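Tertiary structure, described
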Amino acid sequence: MSVGNAPTPKLTDREDIAKRLLRGSAKASFDPLVEIDWEAPLEDLWGMRPERVSLYGTHLWDQLGEAERRELSRLEMASTMATGIWFETILMQMLVRHAYHNDPTSLHVQYAYTEIADECRHTVMFAKAIEKLGSTAYRLDPVAHVLGNVFKALAHGPLIFAGALFVEEILDQLQREMIDDESIEPVVRSTSRIHVIEEARHIRYAREEFHRDWRRRRPVDRAYSRLVLGLVAYYATTRLIHTKVYERIGLDPREARRTALRNTRFVDSKTELSRKVVRTLDTAGAISGLGRYFWKKAGLLGRG
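Residue numbers run consecutively from 1 along every chain, following the written order of its sequence. Where totals are concerned, whole chains, interfaces and linings use all residues; where local detail is concerned, this predicted model gives features only for residues with pLDDT of at least 70, and gives and counts side-chain atom pairs only at 80 or more. Side-chain descriptors were evaluated using all non-hydrogen atoms of the structure, hydrogens and water having been removed beforehand.

What follows deals with the overall build of the protein. Numbering of helices and strands runs from the N terminus; a helix is a DSSP stretch of H or I covering at least four residues, while a strand is a stretch of E covering at least two. When helices and strands are tallied, the protein shows 13 helices and zero strands. Each helix and strand of the protein, ordered N terminal to C terminal, gives the series α-α-α-α-α-α-α-α-α-α-α-α-α. Radius of gyration means the value over C-alpha atoms here, while the globule rule gives 2.2 Å times the residue count to the 0.38 power. On C-alpha atoms alone, the protein measures out to a radius of gyration of 19 Å, which is about the 19 Å that the 2.2 N^0.38 rule sets for 304 residues. By its C-alpha atoms, the protein is 55 × 45 × 30 Å across when sized along the principal axes. Remark: exposure states derive from per-residue accessible area (1.4 Å probe, protein chains only) relative to the maximum for the residue type, with buried under 20%, exposed over 50%, and partly exposed in between. By the burial criterion, 53% of the 304 residues in the protein qualify as buried. Long-range contacts, defined as pairs at least 24 residues apart, comprise 83% of the intrachain contacts of the protein with a sequence gap of at least 6. In short, Shrake-Rupley with a 1.4 Å probe defines the accessible areas, and a residue's cover is counted only from the protein chains shown. As displayed, the protein has an accessible area near 14,000 Å², and 54% of this comes from carbon and sulfur atoms. Any pair of residues with heavy atoms lying within 4.5 Å of one another is described as a contacting pair.

Right, dumping it as structure tokens:
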């Protein structure tokens, strides 16, 4: 149930927040090329916790041996990173456009440029991790690719920051649980640690800007934003696992994809990982109408 009539959280001064975020960036930013040992071999560990794998608990999962299950988890983690690169590339372009229309001498815009620099490093980090995990950055299907082009060209204030919140919060939840888990590949743990620390600032920036912009939008603009945001959530979530991942371990890709989409444990996992951002956006009234249908269809609102 939407709680869009709940009170909007009190906002801190824009420049004060940017000042704090810039200070945090100066104290804790990382160069993945230096921080991560890219020469270390894989240890044949998990790429993510087994219960997060799309086929976990299904008949296809039962057909796989332990080594194949671990390989699938690594390939799925690599696929998730590739989707992250896709969206972070979109986000960088939207942030550049946001900065273009604002005062570069403001701390707010200077932090936007700082975040863009962070995201550039993250994309390189994820690209190297994908290769390290023995996978490929598979290209998204043409529909998702075209919609990404349209979204980055037309998205305005609340859509820029709501979209950023959606992707960053879900990845943040997934990565936080892996940082100290010794059953996970070290390269995944290292990339997760860097991403979680730096994304915490990005999430704060996006959350404040979303609420600041959303509260002054007119009803028609809000309705449009809800629909587009629902489509973004649907396409980003349903493209996390590329079908070639299943093919790599000898499964029929169509059957595996159908099985994953119907897997109640996978739906529950996505619901759990997205609970925080769903609460934030739903409280503001940004998940309703036709847009809410796409959130539900993506498996982000549970099975109820």
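From this point, the discussion proceeds with the structure in view.
Two rings belonging to Phe, Tyr or Trp (six-membered ring only in the last case) form a pair when the distance between their centres is within 6.5 Å. Interplanar angles under 30 degrees mark stacking, angles over 60 mark edge-to-face geometry, and anything in between is tilted. Scanning all chains against the criterion turns up 11 aromatic pairs. Ring plane angle 80 degrees and centroid distance 5.9 Å describe the contact between phenylalanine 161 and tyrosine 205, whose orientation is recorded as edge-to-face. Of the two residues, phenylalanine 161 is situated in helix α7 (residues 157-176) and tyrosine 205 in helix α8 (residues 186-214); the sequence distance between them amounts to 44 residues. Comparing phenylalanine 161 with tyrosine 205 shows no difference in burial state: the two are buried. On the basis of an interplanar angle of 85 degrees and a centroid distance of 5.2 Å, the ring pair of tyrosine 234 and tyrosine 235 is categorised as edge-to-face.

Our focus in this paragraph is unusual backbone geometry. A positive phi angle, near 55 degrees, is found at aspartate 44, a position not held by glycine. Among the structural elements, aspartate 44 can be located in the loop between α2 (32-35) and α3 (59-63). The partly exposed category is assigned to aspartate 44, whose relative accessible area is 36%.

Right, let's talk about the nonpolar core for a bit. Here, nonpolar core means buried Ala, Val, Leu, Ile, Met, Phe, Trp, Tyr and Cys residues that are tied together by side-chain atoms lying within 4.5 Å of each other. In this structure, Leu72, Phe151, Phe166, Phe210, Leu281 and Trp295 are the most contacted members of the largest nonpolar core, which totals 87 residues. At 14 residues, helix α4 (residues 66-100) tops the list of elements feeding residues into this core. With near-sequence residues (within four places) excluded, phenylalanine 151 lies in contact with Phe87, Ile90, Met94, Leu159, Val228 and Val232.

Quick look at α7 now. Here the expected span of a helix is defined as 1.5 Å times the quantity of residues minus one. The first and last C-alpha atoms of α7 sit 28 Å apart over 20 residues, in line with the 28 Å expected at 1.5 Å per residue. Burial runs high along α7: 18 of the 20 residues are buried.

Right, let's get into the confidence of the model for the protein. Atom-level detail of predicted coordinates should not be read off regions where pLDDT is low. Summarising the model, the protein shows a mean pLDDT of 92, and 96% of its residues fall at 70 or more. Taken as a whole, residues 1-6 scores under 50 in pLDDT and shows 12 contacts with residues more than four places along the chain or in a different chain. Per-residue confidence from the prediction method is given by pLDDT, with values spanning 0 to 100.

A pair is scored as a salt bridge if a Lys or Arg side-chain nitrogen falls within 4 Å of a carboxyl oxygen belonging to Asp or Glu. Tallied over the entire structure, the rule returns 20 salt bridges. When the shortest N-O distance is used, the salt bridge between arginine 52 and glutamate 177 registers 2.9 Å. With arginine 52 in the loop between α2 and α3 and glutamate 177 in the loop between α7 and α8, the pair connects residues that are 125 residues apart, well separated along the chain. Like glutamate 177, arginine 52 is buried. For glutamate 66, the salt bridge is made with arginine 69, and the minimal N-O distance between the two is 3.0 Å. In this pair, glutamate 66 and arginine 69 both sit in helix α4, three residues apart, roughly one turn of the helix. Salt bridges linked by common partners bring Arg14, Arg204, Glu208, Glu209 and Arg212 together as one network.

Next up on the list: a nonpolar patch on the surface. On the surface, Val146, Val150, Leu154 and Tyr224 cluster together into a nonpolar patch covering about 370 Å² of accessible area. The greatest single-element share of the nonpolar patch, amounting to three residues, is contributed by helix α6 (residues 142-154). Here valine 150 lies in helix α6. What makes a patch is a set of residues exposed beyond 30% relative accessible area and free of salt bridges, joined within 9 Å when like-charged and within 5 Å when nonpolar (Val, Leu, Ile, Met, Phe, Trp, Tyr).

All right, on to the environment of leucine 75 then. Inspection of the secondary structure puts leucine 75 in helix α4. Taking C-alpha positions, leucine 75 is 9.8 Å from tryptophan 46, a pair spaced 29 residues apart along the chain. Non-local contacts of leucine 75, meaning those with residues more than four positions away in its chain, are made with Gly134, Ser135, Val245, Arg248 and Ile249.

A few words now on the environment of cysteine 120. Mapped onto the elements of the fold, cysteine 120 is located in helix α5 (residues 107-132). The class of cysteine 120 is partly exposed, set by a relative accessible area of 37%. Between the alpha carbons of cysteine 120 and threonine 89 there is a distance of 8.2 Å; along the sequence they are 31 residues apart.

What follows covers the environment of valine 53. The topology assignment puts valine 53 in the loop between α2 and α3. For valine 53, a relative accessible area of 0% gives the class buried. For the pair valine 53 and arginine 74, spaced 21 residues apart in the sequence, the C-alpha separation amounts to 9.4 Å. If near-sequence neighbours (up to four positions away) are discounted, valine 53 is found in contact with Met48, Trp61, Leu72, Ser73, Glu76 and Phe266.

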